[in-house]
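Observations on the model geometry
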Amino acid sequence: MNIILFGPPGAGKGTQAERLAAKHKVKHLSTGDMLRGEVAAGTPLGLKLKSIMDSGALVSDDIMIELIATCIEQPECQKGFILDGFPRTLAQAAALEDMLQERGRGIDHVIVLKVDENALVARVLKRAAESGEARGDDNEETVTKRLKIYHDQTAPVLPFYEHRSVLRIVDGMQSIDEVTESIAEVLG
Ligand code: AP5
Ligand code: MG
């Protein structure tokens, strides 16, 4: 089963992707976590990535597409995967479709977490306050910028999947457990 978890910053993609991956024993692929791993490794690429991510902007499509292409090849992804944070642009969605088609695979479900935008900033700021080491992009100014980029560059990906009849809309304003249940329901 190949699933995309889709939604704006703070929607709950990471929270739900982790649960889904554990339940279905498939690989959780969080591009944000992978990029933060590269930053933490302190490589020259990591330094470049950090300044982009801390500004709230998107990392280039070339880098992201290559990253995901490498992941999908791995043996642990052959049973399926949950994508969290990818694709974020139409170019990424088209590249993903090509790389899966070449392997006779495809996306089964795109789960869209619908959330009230006013709640998002509060969620992200709460996460920042509670974590020992807050993310460099978890402050009000950058979250607002990330939200704008979501609207400008990421939300336009939705019609791409609507045409493929794989969109599943879930109310992301429920409690974390209720969202998990709703996702289980839409997956049938
Ligand atoms: P990324 O790490 O993907 O961040 P994001 O999309 O902005 O989303 P978040 O991780 O902030 O939120 P989430 O939806 O995972 O929510 P979570 O479950 O944590 O990307 C970061 C950056 O990396 C990007 O800005 C970009 O620079 C770069 N990047 C990554 N992928 C890229 C790509 N494909 N192309 C280009 N650049 C890329 O929940 C948030 C908080 O709310 C948590 O504290 C959680 O406990 C809480 N919460 C969750 N659900 C609920 C609920 N139902 N009720 C109450 N609280 C809840
Ligand atoms: Mg996340």
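In what follows, the accompanying structure is described. Only a predicted model underlies this, so the values are computations on that prediction, with no experimental measurement involved.

With that out of the way, let us pick up the pattern of salt bridges. Taken as a whole and assessed by the stated rule, the structure comprises 14 salt bridges. With a closest N to O distance of 2.7 Å, Asp 54 and Lys 50 form a salt bridge. Placement of the pair is Asp 54 and Lys 50 together in helix α3 (residues 44–55), with a separation of four residues, close to one helical turn. For Asp 54, a relative accessible area of 27% gives the class partly exposed. Given the relative accessible area of 37%, Lys 50 is considered partly exposed. Members of the salt-bridge network, linked through shared partners, are Arg 127, Arg 135, Asp 137, Asp 138 and Arg 146.

Quick look at helix α9 (residues 176–187) now. Compared with an ideal rise of 1.5 Å per residue, which puts 12 residues at 16 Å, α9 spans 17 Å between its outermost C-alpha atoms and is within 8% of the ideal. Within α9 the residues assigned to the buried category are Val 179, Ser 182, Ile 183 and Leu 187. The arc that holds every buried residue of α9, seen down its axis, measures 135 degrees, which confines them to one face. Projecting away from the buried face of α9 at angles above 90 degrees are the exposed residues Glu 181 and Glu 185. The inward-facing, buried residues of α9 abut β1 (2–6), α1 (13–24), β4 (109–114) and β5 (167–171).

Before going further, it helps to examine the site of ligand 1. Taken together, 31 residues lie around ligand 1, and Thr 15, Ala 57, Arg 88, Arg 127 and Arg 146 are the ones closest in. Separating a nitrogen atom of ligand 1 from a side-chain N or O atom of Gln 92 is a distance of 3.0 Å. Protein chains shield 87% of the accessible area of ligand 1, which is 1,000 Å² for the free molecule. Assessed atom by atom at 2 Å from the grid points, ligand 1 resides in the largest pocket. Within the residue set of the shell around ligand 1, elements represented by two or more residues are α1, α2 (31–40), α6 (117–130) and α9. Sorting elements by how many residues they give to the shell around ligand 1 places α2 first, with four residues.

The rules behind each value
Residues numbered from 1 in each chain as written. Chains lettered and ligands numbered in written order. Predicted model: local features only at pLDDT ≥ 70, side-chain atom pairs only at ≥ 80, totals over all residues. Heavy atoms only, no water. Salt bridge = Lys/Arg side-chain N within 4 Å of Asp/Glu carboxyl O. Helix = DSSP H or I, 4+ residues; strand = E, 2+ residues; numbered from the N terminus. Buried < 20%, exposed > 50% of the residue type's maximum accessible area, 1.4 Å probe, protein only. Expected span 1.5 Å × (residues − 1). Arc of directions from axis to C-beta. Contact = heavy atoms within 4.5 Å. Near = heavy atom within 4 Å. Polar contact = N/O pair within 3.5 Å; in protein donor to acceptor, adjacent residues only side chain to side chain. Areas by Shrake-Rupley, 256 points an atom, 1.4 Å probe, with all protein chains shown as cover. 1 Å grid on protein atoms, 1.4 Å probe; cavity = no way out; pocket = protein on both sides within 12 Å on 5 of 7 lines; lining within 4 Å. Sits in = over half its atoms within 2 Å of the grid points.

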